[in-house]
Amino acid sequence: MSALENMQAVLADANWLKQEVGHHMFHPMADPKDTVANPPPIIARGDGAYVTDLDGRRMLDCQGGLWCVNAGYGRDEIVDAITAQLKELPYYNLFPGAANAPAIRLAAKLCELTEHEDMARVLFSSGGSDATETAFKMARQYWKLVGEPERVKFISLRGGYHGLHFGGMSACGGDAWRRSYEPLVPGFFNVESPNLYRPPFEGVDPETLADMCAHLLEREIQFQVPDTVAAVIAEPIQGAGGVNVPPANYWPKLREICDRYGVLLIADEVITGLGRSGELFGVRNWGVKPDIMCMAKGITSGYIPLGATLLNERVASAWEAEGPRSVVMHGYTYSGHPVGCAAGLAAIDLVIQENLTANAADVGAHLLAGLRSLMDRHEAIGDVRGKGLMIAVELVKDRATKEPFTPLDSYPGKVSDACLANGVMLRTIVNKFIISPPLILTKEQADTIVAVLDHALASTPR
Ligand code: PMP
C-alpha cells in the first residue's frame, strides 16, 4: 500500500468510526439517542496528562480516564510489565489447586502499604463494582463465621456511589442510579450525609452538620436493631455524587458509632485509593482505620481492569480460626489475573517512587484555589470543592437559591464544549464539572484548566 493509500484508508476508517459511534454499542450512563445526536470525541491516544482524539485534537484530560489514570498516559513501566507478563503467563486462576506470582506479590504489597490500617488479606476482582460486592459478601460471611448470622444489613449514605452490581447499586445514595433497576436487594438502608453545599439541615456549621448526620446513622442502626447490622459503607470523599468532602469530624464519628455497635466499617476507596485525595488512601485524611477497603481504578492507573477488597486482621482472622471449614465461596475467573496484578505492581511503584500523592495534594490545592477565584467573575458557579485531584465545579441558575441546572438545560454542556474546543476535556455530570486529572498534573497545566474554564464561562451565553 502506498503512503497515499495508507492515509486514505486511515481517513476512511476514522470516518466510519465517527458514523458508527453509538449505533451498535450502548454507552454506560448515557441515553443512546444522545450519543447518536451528539457523538462524543473518539479518544485515540494518550501522553502524559493529555489525550488526543481521532481528529488530532490534543486535550488536557481532566477526567483522568475516569478518575483512574493516576500515573498518566504512555508509562512504559506499566506497559512493559503488562507485556512481559502476557508473554510469560497471560492467565492463570487462583481457584483451589493453583496460584500465580503477580497476585501473591500484589496482595503482599497492598497489605504492606496498608499496614497502618491493619489490612491482612486481599481478594482480587476485576473492578470497583466487584470490589464492593466482594466487601458485602465477605462482611456477611464474617458475621456467620463469628457466630452472629443475623448481622446481614448494610447502611450507606445519600450521595454515595458504590458501583452498579445489585449490591453496590442498592447501597448507592442517589435515585438516578437505582430506579430503572429496582427492586433493590433487601437489607440495604441509606441515611443522610453531611453534604456541605446542599446540606440536609440548614443553618448549622459543618461540624454540627457532621454530628447530626452521624446521629442519624446511629439512630438507623438502633432502629434496624444493632445485632442485625453487618456494616456501614462510605467513600472517604464522595466522588460520583459530586465530590463531597465531609467535615473532618465525620469519619472519626463513623468509626466511633460502628465500634459502639460492633458494626464493620467499609471504606470504598475505589476513587480515593492510591493517591488521588492527596493521601495514599482516603481514610488517612480522617485518621480512621476501616475494617474493609475497596480498591480499583488507580490500582493499575486504569491500564487494565483490576479490583481488590482488603480485609483487616479482625475480619480476616475469622477464616483462620480453628473449627469447621470456612470456604471463601466467592471469587471470579479473573480474581488475581496475573496481567492485572503485574500492572498493579508497576503502577503502584510509579505512584510511590514519583510521590504522586504529594503532587496530588500540592497541585490539587493550587487548582482548587484557582477555580475558586473564578467565582468572583462568574455568577453561574455556585460552588467549587474538592481535595487533592478530585474537584467539582457546580453550576447554578441562581447563586442565592442554589437552583441547579437540570438535564434539560444546555448551558453546562455548552460550557464544557467550549472547554473542549480549547483543549481541556472536563467530565460533566448534569450541572457539575468533575476534574480528576492524572496525578502527574503540573501547576502550569492546572493554570491552563482555570484559564480555559474562565474563558468558556465568559464566552458562553446563558
Ligand atoms: N465505588 C466507587 C467509589 C466508584 O467511584 C466506582 C466507579 N466510579 C465504583 C465503586 C465502581 O467501579 P467500577 O465502575 O470499576 O465497577
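Chemist: Hey, could you go over helix 14 (residues 411-421) for me, with residue numbers and the actual values?
Modeler: Where helix 14 is concerned, the buried positions are Tyr411, Pro412, Val415, Ser416, Ala418, Cys419 and Leu420. Count one or two residues on from helix 14 and you reach Gly423, which has phi positive near 85°.

Chemist: So what about the domain arrangement of the protein chain? Which residues, and what values?
Modeler: Along its sequence, the protein chain is carved into domain 1 (17-71 + 356-459) and domain 2 (77-353). Averaged C-alpha coordinates put domain 1 and domain 2 at centres separated by 26 Å. Facing the 33 residues of domain 1 at the interface are 35 residues of domain 2. Of the roughly 2,500 Å² buried where domain 1 meets domain 2, counting both sides, 60% is carbon and sulfur surface. When the area that domain 1 buries against domain 2 is broken down by residue, the three leading residues are Trp67, Lys387 and Met390, summing to 26%. Counting every contact that joins domain 1 to domain 2 gives one salt bridge. In this structure, Glu394 engages Arg198 in a salt bridge whose closest nitrogen and oxygen atoms are separated by 2.8 Å. Seen at the junction of domain 1 and domain 2, the total is 15 residue pairs in polar contact (both at pLDDT 80 or more). Secondary-structure elements contributing two or more residues to the side of domain 1 that touches domain 2 are helix 3 (64-67), helix 13 (356-373), strand 11 (381-387), strand 12 (390-398) and strand 16 (432-435). In terms of residue class, the side of domain 1 that touches domain 2 is made up of 20 nonpolar, seven polar and six charged.

Chemist: Could you give an account of empty space enclosed by the protein, with specific residues and numbers?
Modeler: Within this structure, the stated rule accounts for one cavity of 30 Å³ or more. The space that makes up the largest cavity amounts to roughly 80 Å³. Surrounding the largest cavity, Leu157, Ser193, Pro194, Asn195, Glu235, Pro236, Ile237, Gln238, Asn244, Pro246, Tyr250 and Trp251 form its lining. Of the residues belonging to the lining of the largest cavity, the class tally is seven nonpolar, four polar and one charged.

What counts, and at which threshold
Residues numbered from 1 in each chain as written. Predicted model: local features only at pLDDT ≥ 70, side-chain atom pairs only at ≥ 80, totals over all residues. Heavy atoms only, no water. Buried < 20%, exposed > 50% of the residue type's maximum accessible area, 1.4 Å probe, protein only. Helix = DSSP H or I, 4+ residues; strand = E, 2+ residues; numbered from the N terminus. Domains from an automatic or database assignment. Contact = heavy atoms within 4.5 Å. Buried area = accessible area lost by both parts, 1.4 Å probe. Salt bridge = Lys/Arg side-chain N within 4 Å of Asp/Glu carboxyl O. Polar contact = N/O pair within 3.5 Å; in protein donor to acceptor, adjacent residues only side chain to side chain. Nonpolar A, V, L, I, M, F, W, Y, C, P; charged D, E, K, R; others polar. 1 Å grid on protein atoms, 1.4 Å probe; cavity = no way out; pocket = protein on both sides within 12 Å on 5 of 7 lines; lining within 4 Å. Points joined across faces, edges and corners; volume = space filled by probe spheres on them.

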